[in-house]
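Notes for the structure review
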Amino acid sequence: MSTSIDLSTISYEEIRAIAQSCMQNSQWENAILCWKQLEKIDVQNRDVLHSLADCYINTANYEQAYQYLNKCLLFGTTVASIYNQLGIISIQFFQNLNQAIPYFIYAKSLNPVDPTIDSNLNRAIQLTGKKKVKVQFFPDYRIGHLALEPNLWMRKLQLDPHYEEDSYIVTIKSGNPSNKTLMELYNPHFNILEHGLLHDLFIQRAPLLNLEYYAPFPYNLLNMSLDQSCQMEEIYSNDLFQGTSSTLSFSEEQHEKGREGLRKLGLDPKKDWYVTIFARDDAYLESLSPGNNWSHHNFRNCDIHTYHAAIRWITEQGGWVIRLGSETNQELGFNHPKVIDYPVEHRAQLDGDFMDIYLAMNAKFMIGQFSGITDVGMANDVPTLVVNTAPVIPPYNVNNLYIPKRMQRLDTQESIPFSELYSELDGIQEDKEARLFWCNSNELAEAGFVYVDNTEEEILEATKEMFSRVSGKFQPSEEEKELQENYHSLFPQSHWLSRNKTPIGIHFLKTHRELFLAPQAVT
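What comes next is a walk through the structure.

Definitions and cut-offs
Residues numbered from 1 in each chain as written. Predicted model: local features only at pLDDT ≥ 70, side-chain atom pairs only at ≥ 80, totals over all residues. Heavy atoms only, no water. 1 Å grid on protein atoms, 1.4 Å probe; cavity = no way out; pocket = protein on both sides within 12 Å on 5 of 7 lines; lining within 4 Å. Points joined across faces, edges and corners; volume = space filled by probe spheres on them. Helix = DSSP H or I, 4+ residues; strand = E, 2+ residues; numbered from the N terminus. Nonpolar A, V, L, I, M, F, W, Y, C, P; charged D, E, K, R; others polar. Salt bridge = Lys/Arg side-chain N within 4 Å of Asp/Glu carboxyl O. Buried < 20%, exposed > 50% of the residue type's maximum accessible area, 1.4 Å probe, protein only. Phe/Tyr/Trp six-rings, centres within 6.5 Å; stacked < 30°, edge-to-face > 60°. Lys NZ or Arg CZ within 6 Å of the ring centre and 35° of its normal. Polar contact = N/O pair within 3.5 Å; in protein donor to acceptor, adjacent residues only side chain to side chain. Contact = heavy atoms within 4.5 Å.

The next point concerns the layout of surface pockets. A volume near 240 Å³ is recorded for the second largest pocket. If you go around the second largest pocket, you meet 13 residues; those closest to its centre are Trp153, Leu157, Ile169, His189 and Phe190. Of all the elements in the fold, those that place two or more residues in the lining of the second largest pocket are α8 (143-159) and β2 (167-173). Looking at the lining of the second largest pocket, its residues break down into 7 nonpolar, 5 polar and 1 charged.

Within the structure shown, the criterion is met by 22 salt bridges. Where Asp118 meets Lys108, a salt bridge forms, and the shortest distance between an N and an O atom there is 2.6 Å. Residue Asp118 is found in helix α7 (residues 115-128), and its partner Lys108 is found in helix α6 (residues 97-110); the two are separated by 10 residues along the sequence. Judged by relative accessible area, Asp118 falls into the partly exposed class, the value being 26%.

Here we take up the packing of aromatic side chains. Per the counting criterion, the structure on display carries 26 aromatic pairs. Aromatic side chains Phe138 and Phe190 sit 5.1 Å apart centroid to centroid with 70° between the ring planes, which places their arrangement in the edge-to-face category. With a gap of 52 residues between them, Phe138 in the loop between β1 (132-137) and α8 and Phe190 in the loop between α9 (180-186) and β3 (191-194) connect regions that are remote in the sequence. As far as burial versus exposure is concerned, Phe138 and Phe190 are alike and both buried. Residues Trp153 and Phe217 carry aromatic rings whose centres are separated by 5.9 Å and whose planes lie at 90° to one another, so their mutual orientation is edge-to-face. Highlighted residues: Trp153 in helix α8 and Phe217 in the loop between α10 (196-205) and α11 (233-236), separated in sequence by 64 residues. Here the two residues Trp153 and Phe217 agree in accessibility, since each one is buried. An aromatic cluster of three or more residues is present, and its members are Phe138, Trp153, Tyr163, Tyr186, Phe190 and Phe217. Sitting above the plane of the Trp273 ring, Lys364 keeps its charged end 5.2 Å from the centroid. For the cation-ring pair, Arg469 lies above Phe474, with the distance from its terminal atom to the ring centre recorded as 4.0 Å.

Here we take up the side chain of Ser167. Position of Ser167 relative to the elements: it lies in strand β2. Taking the relative accessible area as the measure of exposure, Ser167 reaches 7% and is therefore buried. Here the side chain of Ser167 touches Glu164 through a polar contact of 3.0 Å, side chain to side chain. Other than its neighbours up to four places away in sequence, Ser167 contacts Lys130, Lys132 and Lys134.

Shown next, in the form of structure tokens:
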């Protein structure tokens, strides 16, 4: 290309023709000048960006090439060769296998017959020293999933050290987790790649990925269909919690930060103990997706004021009560020097992201529902009293106690026996009425049913029992043991819930004894 040509004076197509001619003649620097002029005119043209990347590869300027290939991704592309090139640069220039492997696997999912992709992927496998490579991705979009699913993976490895032993596994995180502190606690345990776009692309194409290159967490709500080992029984049978423990831990520096946070809340970390409470409402989901209608989740919510009797009783035992939650539309409304409405009064003044996790993982026990922050405690072996449980299934983990919501008929206000609900579990997929306690609030109402929250007295009595259990003083009577056994016998033996032995609150069981009488038909 003549240096006398002023690129700003000729047409787009003329510059493009000159650029292509320069590339054919290996005049890479001149080609770069032309393509960069075209980039100024059309900043989102993938062909221009890709051509610039090719030029930089041929001049061994891999950093610039990598930047332009990633620009192609930002503006959307399903061109397998781009991902293949990103993988090559990641190995040759960055010496980063964690980065290269997902690129090669994703390229292969787009073009499974390209021999160059196969060759590069096989080379990457050899460099790992393993027989195969796999990709998984952190479910970091909601705190409950982030707390639970990777935690179960680590427990599975404790039970079976040879699980995926021959695989080199890369875990992709989005870079925008629901809780950064919790994400950081996982860092020492995984080969982590932070790449938001690739993370999202893998999630979108997960059903198309060959399972040979996919390693789902043991319990993965997004991708349960990909691997039949990802079943509810993995968690609710308690198997993964028998003989295992959470391996997440705070450093001494983090502990001191947490203790300082407790002092700011008014506690003395050396002598005070506390119980955390949580009541689910719509505020958190609305903060994630403003304007979205979350009414179908309403059956899972409850009124925080029904915790008042339990709160009062805990303070009478000398404990503190800290209400958790990052967002809420309900004030606790309990004035006491040892009762802290943390999300309303203190979270904004502290490092809320950190203290959410620290408070949950260091409580004497938790009281809450099946929801994000409660999952943080349960997944990490914090004893948890799960109240207002809906759907009416027992919680996981061996340290827990629970009381469910009751289901009533809207027209007669008659309570549905739990024995009737549980006896229908085997038909849950075929019979709409049999799966009522799994569905949303709108479907329940249309079918003539509604969930009834636990009463203040029910929560109080369950709290007393939980305190007795964690203090090592709980001694059930023979009648109470028999009631628990009868309750557990309600689950059909063919169903995975029959293996769950989480106890139900004794007071609740006695109060609603008639709802737990086992029908003769259940075997």
